[in-house]
Amino acid sequence: MSVPVSTHPWWIFCRVVDNLGDAGVSWRLASQLAALSPAPSVTLVIDHLQTLARFCPALGIDASTQQIQGVRILPWSVVEQDPAQLGSEHTVLPVSVVSAFSCELPPSVQEFLQQCQVIPHWILFDYLSAESWVEGCHGLSAPIPGYRGPRHFFFPGFTPRTGGLLREPGLLARRSEVQASLIRQEAIWQSWGLTEKTNLPTLTLFAYPDAPWQSLREAMGSTGQAWRWVLFEGMEITEQVGQADAFRAPAGNAWGKIEPVRVALRTQEEYDGLLWVSHFNLVRGEDSLVRALWAGRPFLWHLYPQAEGTHWVKLEAFLERYLEGLETMLAEVIANLFRAWNGRGEMTAAWQGMVPHWKGWEHHALAWSEGLSEQPDLVTKLVEFSNLELK
């Protein structure tokens with residue numbers, strides 16, 4: 001599959017609302033766009049450098065401008081005060097402006113865009129959803145009074161009629177190489193300060209604080225299984241688990257064994273590797289969900305609770321796509337566990353129902369990942385879409 005070359009500059013704006021996810025998606029988008037251009041042409045404007053620095057250790061949180069992996073990074077406040085910092089050399093060229101998660105651009109920036117000789121294509125990059133309405137809204141024009149340039153919605157998604165999913169070239173090939181090599185897997189374990197020699201299946205825990213981890217731990221214990229739980233330092237749920245007496249198993253009782261990873265979150269590439277070698281990944285939000293999909297392992301997605309139960313609609317829409325075509329019993333036990341992890345359903349019954357079908361879930365997770373990879377990736381679609389609008 002050919003990948004289009006980005007022939008014009010990109011200005012990406014990110015306001016950090018949901019902790020790590022907004023910055024994580026924006027950084028992946030910016031770095032993948034930068035890789036398509038022969039010269040640095042991607043600028044990321046972000047309002048919380050400290051969040052980005054958690055998985056981008058080369059970032060200086062006090063710098064007014066810096067460049068990492070071909071991406072120029074500017075603080076939101078700097079650009080808001082002086083939009084010309086975006087680069088006056090580009091004001092006479094076609095430019096694509098991306099509002100990550102449809103964040104509002106400062107009035108000063110909107111005024112600056114109107115002064116460009118070629119008014120930029122403004123793209124409202126929205127949240128990922130499996131809901132059916134996304135296909136109808138993806139790519140729609142989104143005009144607003146006073147903005148004379150093209151402005152469109154862009155929805156990531158799981159079907160060909162959406163904007164697709166972020167996936168850098170060669171990702172699944174690298175994953176497969178790791179999963180086929182015990183030596184490479186062991187290298188990843190050791191890089192995280194772990195070892196595979198415990199012979200315990202590994203679970204990674206990345207969830208919101210209200211996730212029912214205690215219920216899951218008790219459910220695993222009810223089936224007599226031993227699991228190693230990998231935790232991430234600095235996360236509220238990690239502190240809950242680490243301090244809980246309920247997680248301290250009696251001597252000789254391996255099912256309660258826990259080996260927390262007491263290090264800060266690492267680069268996104270290192271996180272990907274950990275998902276590839278782990279057996280069960282618990283993820284949240286948007287960025288880690290997509291990375292769990294590409295890992296091709298069983299996973300549970302923890303959704304942020306929303307008013308009026310909107311998150312339940314999103315979960316059921318995802319399950320409908322994720323479980324499509326599966327044998328009825330396997331689909332049912334997977335759905336029950338997803339629902340229980342999100343607070344609807346009894347966890348012990350859901351886990352006990354899943355255990356006999358674990359191999360089937362492993363096969364499905366890998367097959368679904370491979371099937372999704374046959375679709376064009378998000379950056380390819382985004383560049384093609386923007387190139388058409390700027391012609």
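These notes cover the structure that comes with them.

Definitions and limits used
- Residues numbered from 1 in each chain as written.
- Predicted model: local features only at pLDDT ≥ 70, side-chain atom pairs only at ≥ 80, totals over all residues.
- Heavy atoms only, no water.
- Helix = DSSP H or I, 4+ residues; strand = E, 2+ residues; numbered from the N terminus.
- Expected span 1.5 Å × (residues − 1).
- Buried < 20%, exposed > 50% of the residue type's maximum accessible area, 1.4 Å probe, protein only.
- Polar contact = N/O pair within 3.5 Å; in protein donor to acceptor, adjacent residues only side chain to side chain.
- Salt bridge = Lys/Arg side-chain N within 4 Å of Asp/Glu carboxyl O.
- Core = buried A, V, L, I, M, F, W, Y, C linked by side-chain atoms within 4.5 Å.
- Contact = heavy atoms within 4.5 Å.
- Pairing = 2+ DSSP bridges.
- Phe/Tyr/Trp six-rings, centres within 6.5 Å; stacked < 30°, edge-to-face > 60°.
- Lys NZ or Arg CZ within 6 Å of the ring centre and 35° of its normal.
- Axes fitted to C-alpha atoms, helices over the stretch in contact; angles between N-to-C directions.
- Right-handed = clockwise from strand over helix to strand, strands pointing away.

A separate point is helix 13 (residues 328-341). The α-helix advances 3.6 residues per turn, and as a result positions three or four apart in sequence lie on the same side. With 14 residues, helix 13 should cover 20 Å at 1.5 Å per step; its first-to-last C-alpha distance of 20 Å lies within 8% of that length. For helix 13, the complete set of buried residues consists of Leu330, Ala331, Val333, Ile334, Ala335, Leu337, Phe338, Ala340 and Trp341. One side-chain oxygen at the N-terminal end of helix 13 lies 2.9 Å from the backbone nitrogen of methionine 329; it belongs to glutamate 327. Two residues or fewer after helix 13 comes glycine 343, characterised by a positive phi angle close to 90 degrees.

Throughout the structure, instances matching the rule amount to ten salt bridges. The salt bridge involving aspartate 272 is made with arginine 28; its shortest N-O contact spans 3.5 Å. One end of the pair, aspartate 272, is in helix 10 (residues 268-277); the other, arginine 28, is in helix 1 (residues 20-35), with 244 residues separating them in the sequence. The exposure classification of aspartate 272 matches that of arginine 28, with both residues buried. Overlapping salt bridges, with partners in common, bring together Arg28, Glu168, Asp272, Asp287 and Arg291 in one network.

Judged by nonpolar contacts, the single largest core of 108 residues is most densely connected at Phe280, Phe318, Phe338 and Trp361. Aside from chain neighbours lying at most four places away, what touches phenylalanine 318 is Ala130, Phe158, Leu289, Leu293, Phe299, Trp301, Phe338 and Trp368.

So, about the pairing of strand 2 (residues 42-46). Two faces belong to every sheet, and in a regular strand the side chains alternate between them. Counting buried positions along strand 2 yields five of five residues, so the element is predominantly enclosed. Every second residue of strand 2 is oriented toward a common face, with Val42, Leu44 and Ile46 on one face and Thr43 and Val45 on the other, all of them buried. In terms of strand pairing, strand 1 (residues 10-14) meets strand 2 through five bridges, oriented parallel. For phenylalanine 13, the partnering residue across the bridge sits in strand 2 and is valine 45. Where strand 2 lies against strand 4 (residues 71-75), five bridges are found, and the strand directions are parallel. Looking across to strand 4, one finds that leucine 44 is bridged to isoleucine 73.

Further remarks concern the packing of aromatic side chains. Taken as a whole and assessed by the stated rule, the structure comprises 34 aromatic pairs. For the ring pair phenylalanine 101 and tyrosine 127, a centre distance of 4.6 Å and an interplane angle of 35 degrees mean the geometry is tilted. Placement of phenylalanine 101 in the loop between strand 5 (96-100) and helix 4 (107-115) and of tyrosine 127 in the loop between strand 6 (121-125) and helix 5 (133-137) is noted, with a sequence separation of 26 residues between them. Classification of phenylalanine 101 by relative accessible area gives buried; the value is 9%. Cation over ring: arginine 228 sits above tryptophan 189, and NZ or CZ is 4.8 Å from the ring centre. Across the ring face of phenylalanine 206, the terminal group of arginine 284 is positioned such that the distance to the ring centre comes to 4.9 Å.

The subject of this paragraph is unusual backbone geometry. Here the phi dihedral of serine 102 falls at roughly 55 degrees; this positive angle occurs in a residue that is not glycine. Mapped onto the secondary structure, serine 102 falls in the loop between strand 5 and helix 4. With relative accessibility at 23%, the residue serine 102 sits in the partly exposed group. Its identity as a non-glycine residue notwithstanding, glutamate 308 has a phi of 65 degrees, on the positive side. Tracing the sequence through the fold places glutamate 308 in the loop between strand 11 (299-302) and helix 12 (310-322).

Now for the sheet that holds strand 1. Across the sheet, which stays open at both edges, the seven strands sit in the order 3-4-2-1-5-6-7 with mixed pairing between neighbours. The strands lining the two open edges of the sheet, one partner per strand, are strand 3 (66-68) and strand 7 (151-154). Strand-to-strand, the axes of this sheet are offset by a mean angle of 25 degrees, without reference to chain direction. The sheet contact formed by strand 3 and strand 4 spans three bridges and is antiparallel. Bridge assignment links glutamine 67 to a residue of strand 4, and that residue is arginine 72.

Take the pairing of strand 8 (residues 202-205) next. Where burial is concerned, the two faces of strand 8 agree: the one with Thr202 and Thr204 and the one with Leu203 and Leu205 are both buried. By the bridge criterion, three bridges tie strand 8 to strand 9 (residues 228-230) in an arrangement that is parallel. Bridge pairing links threonine 202 to arginine 228 in strand 9. Taking the sense of rotation as the criterion, the β-α-β connection linking strand 8, helix 8 (residues 213-222) and strand 9 turns out right-handed. Pairing geometry for strand 8 and strand 10 (residues 280-284), over three bridges, is parallel.

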